[in-house]
Amino acid sequence: RQHTCDDPPLPSSPGLNSIGTRLIDTCKKISKMAAAGLVAFLIFLGVISQSNHFKGTDALKVTLMSLANAYGLFVIVFLLGYGLVEFPKFLFKFGDDKGRRNQMRARIALAISAQESTSLRMTSAIASAQKTCDYLDKNGDIDMQDAIGIVLKHCPSERVAKNSNLGEIAKDKKGNVNMGSIAALHSNIIKGVANYQAAQGRIERLKEQYW
């Protein structure tokens, strides 16, 4: 029994290095600095309150306001410092057309290499699904045949080929084909297709930037 693979490929998963992730990382760093400053201030306040130089609550309020303003200015400088340095640097590099094109060609070459690697892993996983399907057509029951059929529907049709040297029958540690081994293979195919599409999208974006 042969299974067709006419379903469209799965959408690629979003990148992990998103704007939200970077904002959360920045907030964590600022919070750590604020916590360290608070501990230092409490130590300073304890020392001053036990000495003869403590001038009362009015002086304490003025000190707190001064520290708050100083910390606010520090945070502003910390957040803007990267942009103030990188933006002129980016403009300077962007003005060098030859250097920019060389850099883009290197990035495209790396992206193509990554695409070839993900393509090989995806093709191997799809070949394993096809071999498992052929094995189950001869030795499996109806439920597992239906399960591997669902797995093949998530494969790009142009990637499914018979008699491939890649891939192997999806078996568990005991050497048996079961629902668990088929589910693991299904997960590998989904990840492989998503990674391949993400690599393809990166190449297209880099080409658009290059031209």
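Since the structure is predicted, the reported quantities are computational estimates derived from the model, not experimental observations. (Residues numbered from 1 in each chain as written. Predicted model: local features only at pLDDT ≥ 70, side-chain atom pairs only at ≥ 80, totals over all residues. Heavy atoms only, no water.)

Enquirer: Could you clarify how one ought to interpret the overall build of the protein chain in this entry?
Expert: The helix and strand inventory of the protein chain stands at 5 helices and 0 strands. For the protein chain, the N- to C-terminal ordering of α and β elements is α-α-α-α-α. Classification of the 211 residues of the protein chain by burial places 23% in the buried group. Considering only residue pairs separated by 6 or more positions, the protein chain has 82% of its internal contacts joining residues 24 or more positions apart. (Helix = DSSP H or I, 4+ residues; strand = E, 2+ residues; numbered from the N terminus. Buried < 20%, exposed > 50% of the residue type's maximum accessible area, 1.4 Å probe, protein only. Contact = heavy atoms within 4.5 Å.)

Enquirer: How do you make sense of the packing of helix H4 (residues 142-153) against helix H5 (residues 179-210) when you look at a structure like this?
Expert: Each packed pair of helices is defined by two parameters, the angle between the axes and the distance between the axes. In contact at an axis separation of 10 Å, H4 and H5 are set at 5° when each is read in the N-to-C sense. With respect to H5, the axis of H4 lies roughly parallel. Residue-level contacts link Asp143, Met144, Ala147, Ile148 and Val151 of H4 to Met179, Ile182, Leu185, His186 and Ile189 of H5. Its residues placed into classes, the contact of H4 with H5 shows 8 nonpolar, 1 polar and 1 charged. (Axes fitted to C-alpha atoms, helices over the stretch in contact; angles between N-to-C directions. Parallel < 35°, antiparallel > 145°, perpendicular 65-115°, else oblique. Nonpolar A, V, L, I, M, F, W, Y, C, P; charged D, E, K, R; others polar.)

Enquirer: Any chance you could explain the confidence of the model for the protein chain here in plain terms?
Expert: Detailed conclusions should not be drawn from predicted coordinates in areas where pLDDT is low. Per-chain confidence: the protein chain averages 76 in pLDDT, with 76% of residues scoring 70 or above. Every residue in residues 1-17 scores below 50 in pLDDT, and together they form 31 contacts with partners more than four places removed in sequence or on other chains. (pLDDT = per-residue confidence, 0-100.)

Enquirer: Looking at this model, I keep getting lost on a nonpolar patch on the surface. Mind explaining?
Expert: Nonpolar side chains collect at one region of the surface, where Val39, Ile43 and Val47 lie side by side and expose about 280 Å² of accessible area between them. If you trace the backbone, Ile43 turns up in helix H1 (residues 19-49). For Ile43, a relative accessible area of 55% corresponds to the exposed category. (Patch = residues over 30% accessible without salt bridge, like charges linked within 9 Å, V, L, I, M, F, W, Y side chains within 5 Å. Areas by Shrake-Rupley, 256 points an atom, 1.4 Å probe, with all protein chains shown as cover. Salt bridge = Lys/Arg side-chain N within 4 Å of Asp/Glu carboxyl O.)

Enquirer: Looking at this model, I keep getting lost on the environment of Asn165. Mind explaining?
Expert: Residue position: Asn165 is located in the loop between H4 and H5. Given a relative accessible area of 77%, Asn165 falls into the exposed group. For the pair formed by Asn165 and Ala127, sequence separation is 38 residues and the distance between their alpha carbons is 8.1 Å.

Enquirer: When you look at the nonpolar core in this model, what are you seeing that I'm missing?
Expert: Soluble globular proteins tend to bury their nonpolar side chains together. Counting 19 residues, the largest nonpolar core has Ala129, Leu136, Ile148, Val151, Ile182, Leu185 and Ile189 as the members making the most contacts within it. Of all elements in the fold, only helix H3 (97-139), H4 and H5 reach the threshold of two or more residues within this core. Within the second largest apolar cluster, 6 residues are counted, among which are Ala111, Ile203, Leu206 and Tyr210. (Core = buried A, V, L, I, M, F, W, Y, C linked by side-chain atoms within 4.5 Å.)

Enquirer: Looking at this structure, how should I read H5?
Expert: Residues separated by three or four positions in an α-helix point in the same direction, a consequence of the helix having 3.6 residues per turn. With 32 residues, H5 extends 47 Å between its outermost C-alpha atoms, agreeing within 8% with the 46 Å of an ideal straight helix rising 1.5 Å per residue. The residue sitting at the N-terminus of H5 and contributing the capping side-chain oxygen is Asn178; that oxygen lies 3.1 Å from the backbone nitrogen of Gly180. (Expected span 1.5 Å × (residues − 1). Polar contact = N/O pair within 3.5 Å; in protein donor to acceptor, adjacent residues only side chain to side chain.)

Enquirer: Would you take a moment to explain the packing of aromatic side chains for this structure?
Expert: We describe a pair of aromatic rings using the distance from one ring centre to the other and the angle between the two ring planes. Enumeration according to the criterion identifies 0 aromatic pairs in this entry. Above the plane of the ring of Tyr135 lies Lys171, whose end atom (NZ or CZ) is 5.7 Å from the centre. (Phe/Tyr/Trp six-rings, centres within 6.5 Å; stacked < 30°, edge-to-face > 60°. Lys NZ or Arg CZ within 6 Å of the ring centre and 35° of its normal.)

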